[in-house]
Amino acid sequence: MNVFEKYGAKAIWDKKTTVNQYVRFQDLFESKKGEKVLVYICTDTNYELYLNGNLAGFSQYADFPEEKMYDTYDVTEYIKEGKNLISILGYSQGRDSSQRAVGIPMVKFAVVEGEKPLSVSCETTKMSPAKEYRSGDIEWISQERPFNLEIDFRGDDGWREKFVSE
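Per chain, the residues get numbers from 1 upward, laid out in the order the sequence is written. In keeping with the predicted nature of the model, local features appear solely for residues at pLDDT of at least 70, side-chain atom pairs appear and are counted solely at 80 or more, and the whole-chain, interface and lining totals rest on all residues. Only hydrogens and water are removed before side-chain values are computed, so all heavy atoms of the structure are retained for them.

Here's the deal with the overall build of the chain
Moving on, step 1. The helix and strand tally for the chain stands at one helix and nine strands.
Moving on, step 2. Starting at the N terminus, helices and strands are each numbered in turn, a helix being any DSSP run of H or I of at least four residues and a strand any DSSP run of E of at least two. Moving toward the C terminus, one meets the helices and strands of the chain in the order α-β-β-β-β-β-β-β-β-β.
Moving on, step 3. Expected size for 166 residues packed as a compact globule is a radius of gyration near 15 Å; at 16 Å, the chain falls within 12% of this value.
Moving on, step 4. With the C-alpha coordinates aligned to their principal axes, the bounding extent of the chain is approximately 50 × 40 × 25 Å.
Moving on, step 5. Exposed residues in this analysis have more than 50% of their type's maximum accessible area, buried residues have under 20%, and partly exposed residues fall in between, with area computed by a 1.4 Å probe over protein chains only. Within the chain, the fraction of its 166 residues that count as buried is 48%.
Moving on, step 6. The contact criterion used throughout is that any non-hydrogen atoms of two residues lie within 4.5 Å. Considering only contacts in the chain between residues 6 or more positions apart, those separated by 24 or more positions represent 78%.
Moving on, step 7. Side chains of the chain give 22 positive and 28 negative charges; the mean places of these two sets differ by 4 Å. Throughout, the radius of gyration refers to the C-alpha atoms, and the reference size of a globule is 2.2 Å times the residue count to the power 0.38. For the purpose of charge, His is not counted, nor are the chain termini; Lys and Arg are scored as positive and Asp and Glu as negative. By convention, the charge on Lys lies at NZ, on Arg at CZ, on Asp at CG and on Glu at CD.

What follows is the structure, encoded as structure tokens:
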């Protein structure tokens, strides 16, 4: 049994799947701040992981869509007693390149304290398009460096630090 099955985490993604898509995910969870807290995370292409507004991890090495690997982070230092916020920026390239084989757009995560799951990716995880990033079929630079990055920080509503309820 893999770690996601063990804790009941599901692969999730915004249903408006397209190429070059940025999606943000958020969940609130409670902690007593006693034991070590780990985050297990897996995505189709790349991610940024935040705990209570602190950058706790990012990216993912290239792997095969049919045999996904996951990253593990010790995030104990970012956890506080009471309510905590996990925020993830997920990215799906959605097209083959020299660096990545196209896979199914998804994010999977589990926040675990000791052996107790505090938060797992599921149907109730808040997800929304990342407003500050331009998603969709934009300029393709080359097979080695795929999509151009278009970002406008005026669209950033502070979602990494606070739960955004829209």
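Quick look at the nonpolar core
Moving on, step 1. Think of a nonpolar core as a cluster: buried Ala, Val, Leu, Ile, Met, Phe, Trp, Tyr and Cys residues, connected wherever their side-chain atoms sit within 4.5 Å. Membership of the largest hydrophobic core comes to 21 residues, with the highest contact counts inside it found for Val 39, Leu 49, Leu 51, Val 75, Ile 86, Ile 88 and Val 111.
Moving on, step 2. Elements with a contribution of two residues or more to this core: β1 (21-31), β2 (37-43), β3 (46-51), β6 (82-92) and β7 (107-113).
Moving on, step 3. With near-sequence residues (within four places) excluded, Val 111 lies in contact with Phe 29, Val 37, Leu 38, Val 39, Ile 86, Lys 116, Pro 117, Leu 118 and Ser 119.

Some points on the pairing of β1
Moving on, step 1. With nine of its 11 residues buried, β1 lies for the most part within the structure.
Moving on, step 2. Paired strands, in this sense, are two strands between which DSSP finds at least two bridges. For β1 and β6, the ladder comprises 11 bridges, and the chain directions are antiparallel. Residue pairing for β6: Val 23 is matched across the bridge by Gly 90.
Moving on, step 3. In terms of strand pairing, β1 meets strand β9 (residues 126-129) through four bridges, oriented antiparallel. Considered in β9, the bridge of Phe 25 is made with Met 127.

Focus: the packing of aromatic side chains
Moving on, step 1. Each pair of aromatic rings taken from Phe, Tyr and Trp, with Trp reduced to its six-membered ring, is defined by centres within 6.5 Å and is described as stacked if the planes are under 30 degrees apart, edge-to-face if over 60, and tilted in the remaining cases. As enumerated under the stated definition, the model contains eight aromatic pairs in all.
Moving on, step 2. On the basis of an interplanar angle of 35° and a centroid distance of 4.5 Å, the ring pair of Tyr 22 and Tyr 91 is categorised as tilted. Here Tyr 22, found in strand β1, pairs with Tyr 91, found in strand β6; they are 69 residues apart in sequence, far enough to count as distant.
Moving on, step 3. Both rings, one in Tyr 22 and one in Tyr 133, keep their centres 4.4 Å apart while their planes meet at 15°; by these two values the pair is stacked. Here Tyr 22, found in strand β1, pairs with Tyr 133, found in the segment after β9; they are 111 residues apart in sequence, far enough to count as distant.

Some words on the sheet that holds β3
Moving on, step 1. With antiparallel pairing, the five strands of this open sheet are ordered in space as β4-β3-β6-β1-β9. Two strands in the sheet have a free side with no partner beyond their single neighbour: β4 (54-58) and β9. Pairs of neighbouring strands in the sheet enclose a mean axial angle of 20°, with direction left out of account. To obtain each axis, a line is fitted to C-alpha atoms, and for helices this fit is confined to the stretch in contact; angles are then taken between N-to-C directions over 0 to 180 degrees.

Points about a nonpolar patch on the surface
Moving on, step 1. Distance thresholds for patches are 9 Å for like charges and 5 Å for nonpolar side chains (Val, Leu, Ile, Met, Phe, Trp, Tyr), applied to residues having over 30% relative accessible area and no salt bridge. Only the protein chains shown count as cover for residues, with accessible areas throughout obtained via the Shrake-Rupley method and a probe of 1.4 Å. The salt bridge definition used is simple: a Lys or Arg side-chain nitrogen within 4 Å of an Asp or Glu carboxyl oxygen. Among the surface-exposed residues, Leu 149, Ile 151 and Phe 153 lie close enough to one another that they form a single nonpolar patch of about 290 Å² accessible area.
Moving on, step 2. Residue placement: Leu 149 occurs in the segment after β9.
Moving on, step 3. Classification of Leu 149 as partly exposed rests on a relative accessible area of 46%.

Description of the environment of Leu 28
Moving on, step 1. Mapped onto the elements, Leu 28 comes out in strand β1.
Moving on, step 2. Along the backbone, Leu 28 and Glu 123 are 95 residues apart, and their C-alpha atoms lie at a distance of 14 Å.

Points about the side chain of Glu 132
Moving on, step 1. If you trace the backbone, Glu 132 turns up in the segment after β9.
Moving on, step 2. Classification of Glu 132 by relative accessible area gives buried; the value is 1%.
Moving on, step 3. Here Trp 159 takes part through its side chain, which lies 3.1 Å from a polar atom of the side chain of Glu 132.
Moving on, step 4. Each residue touching Glu 132, except ones within four places of it in the same chain, is listed here: Arg 24, Glu 150, Ile 151, Asp 152, Phe 153, Gly 155, Asp 156, Trp 159 and Arg 160. Under this definition, polar contacts are N or O atom pairs within 3.5 Å; protein pairs additionally need one hydrogen-donor-capable and one acceptor-capable atom, and for neighbouring residues in sequence, both atoms have to be side-chain atoms.

In short, geometric facts, not functional conclusions.
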